[in-house]
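Now for the letters of each chain:
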Amino acid sequence: MEEIAPHIYSNWQREELSERLKKVDLTLIDMDDCIYPGTTNLALLRNLFLILFRRGEYKTLFKIMGYLPILLGMKCLQLLGLGVDNCRLILFFSRMISNISFCYLQTAVFPISSNSFPGVKETLTIFSRRSKIGLISLGLEIVLEEYKRQFKDGEIPLIDFCDGVQVNRLKVIDKGEKARERIQEFKAKMPLVIGHNRDDLGMIKMVKEKNGLVLGFNPSREVAKQCDIIVSAKDWQPLAEYLQPLLGNER
């Protein structure tokens with residue numbers, strides 16, 4: 001791939017890529033390590049611990065802490081490649097917090113979006129002026145919905161829909177199937193997926209079938225092979241700066 005702008009790489013010629021980006025009518029985005037620098041579930045858990053401690057909910061706090069050795073063990077097994085994937089981790093985490101008061105969860109979720117990668121909101125603002133935007137993630141839907149509520153261009157929401165894991169449902173979504181459903185729902189002719197790891201391969205496959213675009217944000221080697229655009233940067237600012245003169249002047 002050639003560098004077409006600072007920290008932006010593509011095999012496409014600049015003019016042809018620009019024309020394709022101008023036709024994007026549906027943008028599907030992953031959450032953890034893509035929009036948010038890290039895992040939103042861990043951020044939620046950290047915030048939840050503080051809330052429970054401050055409110056004297058020690059019994060609930062110690063009950064959740066009792067699950068931590070199991071969660072840590074599962075994560076170690078995953079790192080060693082011993083049969084624990086992100087789906088199993090999120091299901092276990094969902095069980096951990098399934099009996100927590102909803103108001104505590106809402107309070108814990110509130111500050112997460114403000115710690116997103118710099119440049120995310122600016123980039124979504126640019127895409128929103130010609131494209132529907134959706135979050136498809138193995139993260140919790142309560143987190144995604146808070147992003148939808150907080151991310152706005154003035155009074156206009158930047159995020160049109162969210163597909164994630166519901167706390168009490170204990171069922172993981174199929175990201176590829178959700179992408180297919182959303183592409184059909186919005187009759188997208190040029191969908192774009194923004195992802196980074198193997199969990200996003202299902203979405204990528206669906207977008208490729210529609211001759212859409214794949215943008216990788218610091219993607220894994222496996223995902224990089226599928227990308228039309230790669231952003232290799234510490235945040236989304238280079239992407240926002242690249243897109244602004246190209247797409248930023250239309251609503």
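Here the structure is a predicted model, which is why all the values come from computation and not from measurement.

Novice: Where do I start with the domain arrangement of the protein chain in this structure?
Specialist: Often the size quoted for an interface is simply the accessible area lost on bringing the parts together. Assigned domains of the protein chain: these are domain 1 (1–36 + 115–245) and domain 2 (38–108). Taking only C-alpha atoms, the centre of domain 1 and the centre of domain 2 are 26 Å apart. At the interface, 17 residues of domain 1 touch 19 residues of domain 2. Together domain 1 and domain 2 conceal approximately 1500 Å² of surface at their shared face, both sides included; 67% is due to carbon and sulfur atoms.

Novice: Any chance you could explain the pattern of salt bridges here in plain terms?
Specialist: Side chains bearing opposite charge may pair, as long as their charged atoms lie close to each other. One pass over the full model with this rule turns up ten salt bridges. The residue Asp153 makes a salt bridge to Arg129 at a minimum N-O spacing of 3.6 Å. Of this pair, Asp153 sits in strand S5 (residues 152–153) while Arg129 sits in the loop between helix H7 (120–128) and strand S4 (132–140); the two residues are 24 residues apart in sequence, bridging distant segments of the chain. A network of salt bridges, in which partner residues are shared, links Asp30, Lys175 and Asp200.

Novice: So what exactly am I meant to see when it comes to the layout of surface pockets here?
Specialist: Once rolled over the atoms, a probe with the size of a water molecule shows which space is left empty. Here the largest pocket is characterised by a volume of approximately 550 Å³. Together, 24 residues line the largest pocket, and Asp32, Thr39, Lys75, Asn86 and Leu89 are the ones closest to its centre. Broken down by secondary-structure element, the contributors of at least two residues to the lining of the largest pocket are helix H2 (40–54), helix H4 (68–79), helix H5 (86–97) and S4. Element by element, the count of residues in the lining of the largest pocket is highest for H4, at five residues. Here the lining of the largest pocket is composed, by residue class, of nine nonpolar, nine polar and six charged. For the lining of the largest pocket, the two domains that each supply at least three residues are domain 1 (1–36 + 115–245) and domain 2 (38–108). Those elements that provide at least two residues to the lining of the second largest pocket are H5 and helix H9 (175–185). Looking at the lining of the second largest pocket, its residues break down into four nonpolar, five polar and five charged.

Novice: Just checking my understanding: could you explain the packing of aromatic side chains for this structure?
Specialist: Given two aromatic rings, one states the distance between the centres and the angle between the planes to describe the pair. Applying the stated criterion across every chain, the model contains six aromatic pairs. On the basis of an interplanar angle of 80 degrees and a centroid distance of 5.9 Å, the ring pair of Tyr67 and Phe92 is categorised as edge-to-face. With Tyr67 in the loop between helix H3 (58–65) and H4 and Phe92 in helix H5, this pair connects stretches of sequence that are 25 residues apart. Classification of Tyr67 as partly exposed rests on a relative accessible area of 29%. Judged by relative accessible area, Phe92 falls into the buried class, the value being 13%.

Novice: Help me out: how do you make sense of the packing of H7 against helix H12 (residues 237–247) in this one?
Specialist: To describe two helices that pack against each other, one gives the angle between their axes and the distance between the axes. Put simply, H7 and H12 touch, their axes get as near as 8 Å, and they point 25 degrees apart. On the basis of their axis angle, the class for H7 and H12 is roughly parallel. You can see that H7 and H12 cross each other, and the crossing is left-handed. Residues Glu122, Thr123, Ile126 and Phe127 of H7 form the contact with H12, whose own contacting residues are Gln237, Leu239, Ala240, Leu243, Gln244 and Leu247. When the residues that make up the contact of H7 with H12 are grouped by side-chain class, the tally is six nonpolar, three polar and one charged.

Novice: When you look at the side chain of Lys175 in this model, what are you seeing that I'm missing?
Specialist: By the secondary structure assignment, Lys175 is in helix H9. Looking at Lys175, its side chain comes within polar contact range of the side chain of Asp200, at 2.6 Å. Discounting residues that sit within four places of it in the chain, Lys175 has contacts with Asp30, Ile136, Ser137, Leu138, Asp199, Asp200 and Met203.

Conventions and cut-offs
- Residues numbered from 1 in each chain as written.
- Predicted model: local features only at pLDDT ≥ 70, side-chain atom pairs only at ≥ 80, totals over all residues.
- Heavy atoms only, no water.
- Domains from an automatic or database assignment.
- Contact = heavy atoms within 4.5 Å.
- Buried area = accessible area lost by both parts, 1.4 Å probe.
- Salt bridge = Lys/Arg side-chain N within 4 Å of Asp/Glu carboxyl O.
- Helix = DSSP H or I, 4+ residues; strand = E, 2+ residues; numbered from the N terminus.
- 1 Å grid on protein atoms, 1.4 Å probe; cavity = no way out; pocket = protein on both sides within 12 Å on 5 of 7 lines; lining within 4 Å.
- Points joined across faces, edges and corners; volume = space filled by probe spheres on them.
- Nonpolar A, V, L, I, M, F, W, Y, C, P; charged D, E, K, R; others polar.
- Phe/Tyr/Trp six-rings, centres within 6.5 Å; stacked < 30°, edge-to-face > 60°.
- Buried < 20%, exposed > 50% of the residue type's maximum accessible area, 1.4 Å probe, protein only.
- Axes fitted to C-alpha atoms, helices over the stretch in contact; angles between N-to-C directions.
- Parallel < 35°, antiparallel > 145°, perpendicular 65-115°, else oblique.
- Left-handed = near helix turned anticlockwise from the far one by under 90°.
- Polar contact = N/O pair within 3.5 Å; in protein donor to acceptor, adjacent residues only side chain to side chain.

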